[in-house]
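# Summary of the model geometry
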Amino acid sequence: MSKREIEGDWVMGWPDRKRLELNAGKDAEGRVLSGRTPILDQEGLITPTDSSYVVTQLDMPEPVHPDDWTLTLGGEVERPLRLSLDELRNFPGRSVRAVTECAGNDEGFFDYQARGMPKPSRRYVPDLSRRAAMKADRGTPGNEELRGEMGNTCAMSGGEFTGVSLAELLAHAGPKVGAQWVWLEGFDRGRPDPAVQYRSMGHADVAIDDPGVIHYDKALPLAKALDPDTLLAWAQNGEWLLHVHGAPVRCIVPGWSGNWWVKWLSRIEVTREMPPCYHQTKYFVYGATPDDPQKPMLTAMGVRCIITAPLDEDSPLERGTHAIRGLAWSGMGRIERVEVSVDGGASWRDAHIEAPRERWLWVRWSYLWEANAPGAYRLLARATDEKGRVQPQTPWNYQRKHFDGIVPSDVVVV
Ligand SMILES: Nc1nc2c(c(=O)[nH]1)N[C@H]1C(S)=C(S)[C@@H](COP(=O)(O)O)O[C@H]1N2
Ligand SMILES: [Mo]
């Protein structure tokens, strides 16, 4: 071993580089209630499970032993099902690699672009333990407090999920003519915390709905439920699903924001009409203002492209060659193109996209920049997906969901 020790962690008894670390919010017993991915430190495409972000809208449920778990599938079907985990695992399996992204991820960048607020940084994430404590005492934050609140960021991770296609189960059960929705329910319960919605609005001076104590539920339109990549998964990254990620079984809905990926799944019901799920009709909706009569539910994400280096805080940069690097992904499939501008958008060049380019996973991209003249530079990156969509796709909305704008890196070369 060389005399110089690596500054980092000890792994398997040897000095090693620092491992990724989840930024976590914990309860008094040290149990994780929420977490954010250290995305700037991630190498490769798959986020290690321990560093994958964690979001829970209601109360974290008690774990259910896999042998005691059952899934029911009923409603508008010819043959209702009741399955144990072993029975579910006997259906033809499938693995999908996909990005999970919370609908409210990067919400602070909306304020930066639309309202001239300071630019957030993915290096600094909110104090999640403070938020967990706030959630526990159900306090409603005041407007002042919310203005000082840092927006949600780093609520995104890439993973490989293993399970069965929901379509296989539905085919077995036989949806009746007229069936339109597949209603998915988790066994977690709780009363939605008003602070969560106030934070996503950035102010607390409007009345919001209180549905009381509910199960977390979502109803997928039949077409998305029948997409073969929509899974019921029991494994993530080669291991059984962790409790915080919805064990024993959760839903995987590639391309659609995290709120569709129902965790702790226990009940499926096929219906003709959309059931009035709170997290589908009141929260996780678009709309220009809180009283906008048009509040469509969120579905597919827009087109995302983020610069991971260099960031504003890496400035000043030495003159010379710099790799501009980042990640790009889309809610509607494969990334076909990434372009970079080093002159604030006056001209664009193609970046190199690293293989593989999977349909639902992000891609890594890079561009070698010859920064030979001192000065201030505005670096931009934008992506195009297989549907020809270029970012941004999602306009400002009052809960600041699905941000997919182009965020510059402003750097100085000396
Ligand atoms: N049962 C249940 N499923 C849920 C939630 C929840 O509160 N309860 N939160 C949703 C939200 S808003 C997100 S962003 C994702 C987060 O998944 P993760 O914690 O595995 O990253 O789970 C979704 N599935
Ligand atoms: Mo979310």
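Owing to the predicted nature of the structure, the values given are computational and were not obtained by experimental measurement.

## Section: the overall build of the chain
In terms of helices and strands, the chain carries eight helices and 22 strands. Over its C-alpha atoms the chain spans a radius of gyration of 22 Å, differing by no more than 12% from the 22 Å that the globule rule assigns to 414 residues. Here the C-alpha coordinates of the chain stretch approximately 70 × 55 × 45 Å along the principal axes. Counting the 414 residues in the chain, one finds 53% classified as buried.

## What to know about the sheet that holds strand E6 (residues 81-84)
If you walk across this open sheet you meet the five strands as E6-E5-E14-E9-E10, and the pairing is mixed. In this open sheet, the two strands that pair with only one neighbour each are E6 and strand E10 (214-221). Taking the axes of each pair of neighbouring strands and ignoring which way they run, one obtains an average angle of 20 degrees across the sheet. Across six bridges, strand E9 (residues 181-190) lies against strand E14 (residues 265-271) in antiparallel orientation. Within E14, the position partnered with Trp 183 by the bridge is Glu 269.

## With respect to the domain arrangement of the chain
Domain parsing of the chain yields domain 1 (17-299) and domain 2 (303-413). For domain 1 and domain 2, the distance between their C-alpha centroids amounts to 26 Å. Listed per partner, the contact involves 58 residues of domain 1 and 35 residues of domain 2. Interface area, domain 1 with domain 2, both sides summed: about 4000 Å², of which 55% is carbon and sulfur. Our count for the domain 1 to domain 2 interface comes out at 10 salt bridges. For Glu 43, the salt bridge is made with Arg 364, and the minimal N-O distance between the two is 3.7 Å. Looking at the side of domain 1 that touches domain 2, the elements with two or more residues in it are strand E7 (93-101), helix H2 (107-115), strand E8 (156-165) and helix H6 (194-201). Top element by residues in the side of domain 1 that touches domain 2 is H2. It accounts for nine residues. Looking at the side of domain 1 that touches domain 2, its residues break down into 23 nonpolar, 19 polar and 16 charged.

## Let's talk about the sheet that holds strand E15 (residues 303-309)
Overall, antiparallel pairing links the four strands, which are arranged E15-E16-E20-E19 in an open sheet. On the outer flanks of this sheet lie E15 and strand E19 (352-353), each paired with one strand and no other. Bridging between strand E16 (residues 320-330) and strand E20 (residues 363-371) involves nine bridges; their strand directions are antiparallel. From the neighbouring strand, Ile 324 faces E20, where its bridge partner is Tyr 367.

## Regarding the site of ligand 1
For ligand 1, the set of nearby residues contains 18 residues, the closest of which are Tyr 53, Asp 188, His 245, Arg 250 and Lys 263. Here Arg 250 contributes a side-chain N or O atom positioned 2.7 Å from an oxygen atom of ligand 1. Here an oxygen atom of ligand 1 sits 2.6 Å away from a polar atom, N or O, in the side chain of Lys 263. Isolated, ligand 1 exposes 530 Å² of accessible area, and the fraction of that covered by the protein chains is 99%.

## Re H2
Of the residues making up H2, those classed as buried are Glu 107, Gly 108, Phe 109, Phe 110, Asp 111 and Tyr 112. Phi turns positive one or two residues past the end of H2, at Gly 116, with a value near 65 degrees.

## Observations regarding the pairing of E9
By the criterion of burial, E9 is predominantly enclosed, with nine of the 10 residues buried. Alignment of E9 against E10, held across seven bridges, turns out to be antiparallel. The residue bridging Leu 184 from the neighbouring strand is Lys 218, located in E10.

## A short note on H6
With seven of eight residues buried, H6 lies mostly within the body of the structure. Summarising the contacts, the buried residues of H6 are in contact with H2, helix H3 (128-137), helix H4 (143-147) and helix H8 (278-281). The backbone nitrogen of Ala 195 lies 3.0 Å from a side-chain oxygen of the residue at the head of H6, namely Asp 193. One or two positions beyond H6, positive phi appears at Gly 202, with a value near 85 degrees.

## Observations regarding the environment of Arg 147
Tracing the chain through its elements places Arg 147 in helix H4. Residues Arg 147 and Arg 199, spaced 52 residues apart in sequence, show a C-alpha to C-alpha distance of 9.1 Å.

## Observations regarding the nonpolar core
By size, the foremost hydrophobic cluster in this structure holds 52 residues, and its most contacted members are Leu 73, Leu 88, Leu 169, Leu 232 and Ile 268. Per-element accounting of this core gives the leading share, five residues, to strand E11 (residues 231-236). Residues in contact with Ile 268, not counting those within four places in the same chain, are Leu 71, Thr 72, Leu 73, Gly 74, Leu 166, Val 182, Trp 183, Leu 184 and Leu 232. Counting 23 residues, the second largest nonpolar core, distinct from the first, contains Ala 328, Val 338, Ala 371 and Tyr 377.

So, how was this worked out
Sequence order as written defines the numbering, with residues in each chain counted from 1. Starting at A for chains and at 1 for ligands, labels are handed out in the order in which the entities are written. This being a predicted model, a pLDDT of at least 70 is required before a residue's local features are given, and a value of 80 or more before pairs of side-chain atoms are given or counted; all residues contribute to the totals for chains, interfaces and linings. With hydrogens and water stripped out, all remaining heavy atoms of the structure feed into the side-chain values. Counting from the N terminus, the helices are the DSSP runs of H or I reaching at least four residues and the strands are the DSSP runs of E reaching at least two. Just to be clear, the radius of gyration here is over C-alpha atoms, and the globule rule we use is 2.2 Å times residues to the power 0.38. Exposure is judged per residue with a 1.4 Å probe applied to protein chains only, and the accessible area is read against the type maximum: over 50% gives exposed, under 20% gives buried, and values in between give partly exposed. Two strands are said to pair when DSSP picks up at least two bridges between them. With axes taken as lines fitted to C-alpha atoms, and helix axes fitted only over the stretch in contact, angles between N-to-C directions fall between 0 and 180 degrees. An automatic or database domain assignment provides the domain bounds reported here. Any pair of residues with heavy atoms lying within 4.5 Å of one another is described as a contacting pair. Accessible area that two parts lose when put together, evaluated with a 1.4 Å probe and summed over both, is termed the buried area. Salt bridges are identified by distance alone: a Lys or Arg side-chain nitrogen within 4 Å of an Asp or Glu carboxyl oxygen. Residues are grouped as follows: nonpolar covers Ala, Val, Leu, Ile, Met, Phe, Trp, Tyr, Cys and Pro; charged covers Asp, Glu, Lys and Arg; every other residue, Gly included, is treated as polar. When at least one non-hydrogen atom of a residue lies within 4 Å of a molecule or strand, that residue is treated as near it. Residues adjacent in sequence count toward polar contacts only when both atoms are side-chain atoms; beyond that, a polar contact is any pair of N or O atoms within 3.5 Å, and within protein one must be able to donate a hydrogen and the other to accept it. Areas reported as accessible are Shrake-Rupley estimates using a 1.4 Å probe. Residue values count occlusion only from the protein chains shown. Residues belong to a common nonpolar core when they are buried Ala, Val, Leu, Ile, Met, Phe, Trp, Tyr or Cys residues joined through side-chain atoms within 4.5 Å.

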